[in-house]
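# An overview of the molecular structure
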Amino acid sequence: RLSGHPGDTLASAMLANGIRLAGRSFKYHRPRGIFSAGSEEPSALFEIGTGARRTPNIPATMQELHAGLEATSQNRWPSLSFDLLAVNDLMAPFFGAGFYYKTFMWPKSFWEKVYEPMIRRAAGLGRLSGKPDPDAYDHGFAHCDLLVIGAGPAGLMAALTAARAGARVILADEDFLPGGRLNAERIELDGRPGAEWAAAAVAELEALPNVTLMRRSTVFGAYDGGVYGVLERVSEHLARPPADCPRQTLWHVAARRAVLAAGAIERPIAFPGNDRPGVMLAGAVRSYLNRFAVAAGQKVAVFTNNDDGWRTAADLTAAGITVSALIDTRREAGPGAPRFDGEVMMNRCVAGTRGRLGLRGIRTETGRRIEADCLAVSGGWNPTLHLSAHQGARPDWNEEIAAFVPPETHVPGLAVAGAAAGLFSTHQALASGAQAARAALEALGRPVPAEAELPRAEDAPFAITPFWHVRAPGRAFLDLQNDVTTKDIGIAHAEAFTASEHFKRYTTLGMATDQGKTGNVLGLAVMGELTGRSVPETGTTTFRPPYTPVSIAAFAGRARGAHFQPVRHTPSHQAAGAMGAVWVETGLWLRAQWFTRAGETHWRESCDREARWVREAVGICDVTTLGKIDIQGPDAAAFLDRLYTGTFSTLKPGRVKYGIMLREDGLIFDDGTTARLAEDRFLMTTTTANAVNVMRHMEFCHQCLWPELDVRFVSVTEQWAQFAVAGPKSRALLSEIVAEDISAEAVRFMDWIPVTVAGVTGRLFRISFSGELAYEIAVPTRYGNALFAMLVGKAEAMGGGAYGTEALNVLRIEKGHLTGAELNGRVSGFDAGFQKMMSTKKDYIGKVLAQRPGLNGPERAQFVGLKPAGEAKRLLAGARLINRGEAPVAANDQGYLSSVCYSPSLGHMIGLGFVVNGRERMGEVLRMVDLVRDIECDVEICAPHFVDPKGERLHG
């Protein structure tokens, strides 16, 4: 049982209670302590909670203290202080870099029986509970003019500048106390402590209605279109969260502009024994001292290569804590180093430490021993530039600060300020934050306020002489979690794994939960020395989201259990259910298959009745499930020209066009209609089954093939309720409910117009899937149920009514329209008879491969109609077609039936299918063979248009 102070983290409370041993390292199970004070913590990881709520690998530096908090150390047995697996440390000579690639190779039979089970038992740090997580996780969506990432001096100044100008601002910070290093330093702004200035700035922001302050919120990824992923830890700091409160919320923030003000992360210096509990980052020692009033030790030594280490020594002395020695690798301190009256050792370094479970002393390279229970190490600061590189940019090297900084060209719309940009003084942070906000306001077209006077703050230069590691006997650790040493980098070099991406994986440097935030640059420097290259020449590895770990539960949100694949209801679901709809699952949608009427005992009776309604009067069908994609931008037409085989750039606003897409291999991918809403705006429809695939295809094409095109698109399938109104009385019905003129002259076939239905603005498309005079009417989804009920009521008064997917299928087969049953991924444009729709005047995806001889010619199975011949009564989808008199074997295969139905218009079964050279074999009789169901009969090849082959009805 431990006690802490409100506002403590688990780490600060442990230090306050004299606890330095926090965990064990992954490979060697060496003792590890608290190393940092932020999310970069590599060592002090805990399991938080018990039972089903147990969560592993939580940094003690990020876990807020609350009453009843249960925290358990990890990766040890039977106890933290006595870990039997620490025997691995004695085996370190055999466990060097790449040992797992060279070991466990022989005998082969041992792998599954001995090696793999042994490795699996030893793998991992924390433990999952194995029980269903009882907590809730949510998703949120937010929009703003300016997203400010980080609430240090630069972030606060940026947020204040933009908010005072009236912009909508979101300020997100991963800490629970905004202010950044202003809370951890003895810096003054305008003559008062920096923490007070930060608190006043936060209070002003919280009072503004146009500002959203997101505490405990980590911006973990920068994505296309100004979208940022943000993980908010909503209730992990509460002892008893409300029952309806989510544990975490994953936010999708769409920001017109963003400012990265995430500060910088201190890096250590590698030297033998640098992993003992008590060896800490110098900035972290200051954080615990100034923010939490906690001394990291009673006798503290400082090891540094820059002026910042002197600040730690000065702060400790001012607090009455003994500083055993200040050891600086440089010959002289820089001009910004504060005064320190204790013992200073210039041009010296730490070459060793002692103390197994906690630091007890250090040794310099001259052999001098110094008593110390804490060693504060500062090897410089790395700007927290990760988000700026999430879209492929590589950072630049800045010699003055000996660190990587964001490149000039990185994430569009993202500016970088403060320490994240390599500007380390408080004045520079404030000035750059204000300037970034002003630039964002100007880019947004908002009035830019006159430059305000900045708070007075220190502006000391940052002086550093790079010093990466101490050459002395013993193991110097780079990655404290994965136990990667400078010697491991040497092994990687000896074995030619010298590229940054290669030696990262060969040694596992930077592959721990902290992703190398404190150790990666040291590893690059060590490899650079071995290869004779500079750090920038060695190069960084690729920066990818997430910036810090995000639980799978947060990504899933509410999509779990029954909600993992939630059933989707059409807008007319309620009304259709009241009408006796029988449901069928199509994808994730529940659609009305048919509507049962009194006295009907078989589904065919219902289907036939509904199909006749459409042919003779008018029918209503919910077609909302068709994919709908809104495409906008100056290059929207050019984009569609490259996707579709036909030309859409010549399509006039107000017109609709049918089109097909091909895959790269020249086979048909999808089909649908696209309406031109304006010169720079189109509405594409896709098949229900392919809606997601088409959207993914378009995203790939835009991002990878044609990123230069200025075009944006978004799925609006759920935004619009859409209903087919089909039949000879469809125009008369619609004339009763829309205010506009929809006569044949006003709305021609393949036209669309905006319409008003009972005061609601919608869209009317004159298109037909049934072959009859038909329309599709769309309104915002919330009006869909009411509109469907209205349409069906009027249709019934005219001798028609609602029809479902079975009748829809009958109608389209009678008209010879293809669906997914025909466009199954193996059909070419030639097979489907779409040759005239495949332009020869422009390029498009799949054009070249669609011209291959193998996809064109009489040997291909071509789309045709099929009808019974002789005494045949039943056709079967999937049945094969064989020449009469030939054996039903694969060598004699002539094609197959893809779709069949009973046609109430013709009084017999009909089908669609594919027959070798079918278009030249009209009238020929084949044998339909289904060996599984043991049915054979004769069928005649005919045109696929069984009803109104000239299209006179739909043009009426």
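Below or above, wherever it landed, is the structure these notes cover. Keep in mind that what you see is a predicted model, and the values were worked out from it rather than measured.

Tallying secondary structure elements over the protein chain gives 23 helices and 48 strands in all. Principal-axis analysis of the C-alpha atoms gives the protein chain an extent of 105 × 75 × 55 Å. Residues counted as buried form 56% of the 956 residues belonging to the protein chain. The long-range share in the protein chain, meaning contacts at least 24 apart out of those at least 6 apart in sequence, stands at 67%. About 40,600 Å² of surface is accessible on the protein chain, with carbon and sulfur atoms providing 54% of the total.

Glancing now at the pattern of salt bridges. According to the stated counting rule, one finds 56 salt bridges in the structure shown. We note a salt bridge from Asp341 to Arg339, for which the minimum N-O separation is 2.9 Å. Residue class for Arg339 comes out exposed when judged on its relative accessible area of 71%. With its nearest N and O atoms 3.3 Å apart, the salt bridge here joins Lys794 to Glu736. Here Lys794 is found in helix 20 (residues 784-797), whereas its partner Glu736 is found in the loop between helix 19 (730-735) and strand 39 (752-757), with 58 residues between them in sequence.

Moving on to the packing of aromatic side chains. In this description, an aromatic ring pair is defined by two values, namely the gap between the centres and the angle between the planes. Overall, the coordinates contain 17 aromatic pairs when judged by the stated rule. An aromatic cluster of three or more residues is present, and its members are Trp397, Phe404 and Trp468. Across the ring face of Trp613, the terminal group of Arg609 is positioned such that the distance to the ring centre comes to 4.7 Å. Directly above the ring of Phe830 sits Arg919, whose terminal nitrogen or CZ lies 4.8 Å from the centroid.

To continue, consider a nonpolar patch on the surface. Taken together, the side chains of Val87, Leu90, Met91 and Phe94 present a nonpolar region at the surface, about 430 Å² in accessible area. Along the chain, the position of Leu90 falls in helix 2 (residues 87-90). Take Leu90: its relative accessible area is 68%, and that puts it in the exposed class.

Once that is clear, we can look at the environment of Asp948. Positionally, Asp948 belongs in the segment after strand 48 (935-942). Considering only alpha carbons, one finds Asp948 and Gly771, 177 residues apart in sequence, at a separation of 7.3 Å. Contact partners of Asp948, with chain neighbours within four places excluded, come to Gly771, Lys815, Arg953 and Leu954. At 2.8 Å, the side chain of Asp948 and the backbone nitrogen of Arg953 are in polar contact.

Here we come to the sheet that holds strand 44 (residues 880-883). Here six strands make up a closed barrel; going around it, the order is 43-46-45-44-47-48 and the pairing antiparallel. Ignoring strand direction, the axes of neighbouring strands in this sheet form an average angle of 45 degrees. Examined bridge by bridge, strand 45 (residues 893-903) and strand 46 (residues 908-916) share eight bridges and lie antiparallel to one another. In the sheet register, Tyr896 faces strand 46, and the bridge partner there is Phe914. Sheet contacts for helix 21 (residues 805-815): strand 45 and strand 46; angle to strand 45, the most-contacted strand, approximately 125 degrees.

Spatially, the three strands line up as an open sheet ordered 4-3-5, and their pairing is antiparallel. Sheet topology places strand 4 (55-59) and strand 5 (71-73) at the edges, where each strand pairs with a single neighbour. Recorded for the sheet is a direction-independent mean angle of 45 degrees between the axes of neighbouring strands. Judged from the three bridges that link them, strand 3 (residues 45-48) and strand 5 form a sheet pairing that is antiparallel. Paired with Ile48 across the strands is Ala71, a residue of strand 5.

Cut-off values and rules
Residues numbered from 1 in each chain as written. Predicted model: local features only at pLDDT ≥ 70, side-chain atom pairs only at ≥ 80, totals over all residues. Heavy atoms only, no water. Helix = DSSP H or I, 4+ residues; strand = E, 2+ residues; numbered from the N terminus. Buried < 20%, exposed > 50% of the residue type's maximum accessible area, 1.4 Å probe, protein only. Contact = heavy atoms within 4.5 Å. Areas by Shrake-Rupley, 256 points an atom, 1.4 Å probe, with all protein chains shown as cover. Salt bridge = Lys/Arg side-chain N within 4 Å of Asp/Glu carboxyl O. Phe/Tyr/Trp six-rings, centres within 6.5 Å; stacked < 30°, edge-to-face > 60°. Lys NZ or Arg CZ within 6 Å of the ring centre and 35° of its normal. Patch = residues over 30% accessible without salt bridge, like charges linked within 9 Å, V, L, I, M, F, W, Y side chains within 5 Å. Polar contact = N/O pair within 3.5 Å; in protein donor to acceptor, adjacent residues only side chain to side chain. Pairing = 2+ DSSP bridges. Axes fitted to C-alpha atoms, helices over the stretch in contact; angles between N-to-C directions.

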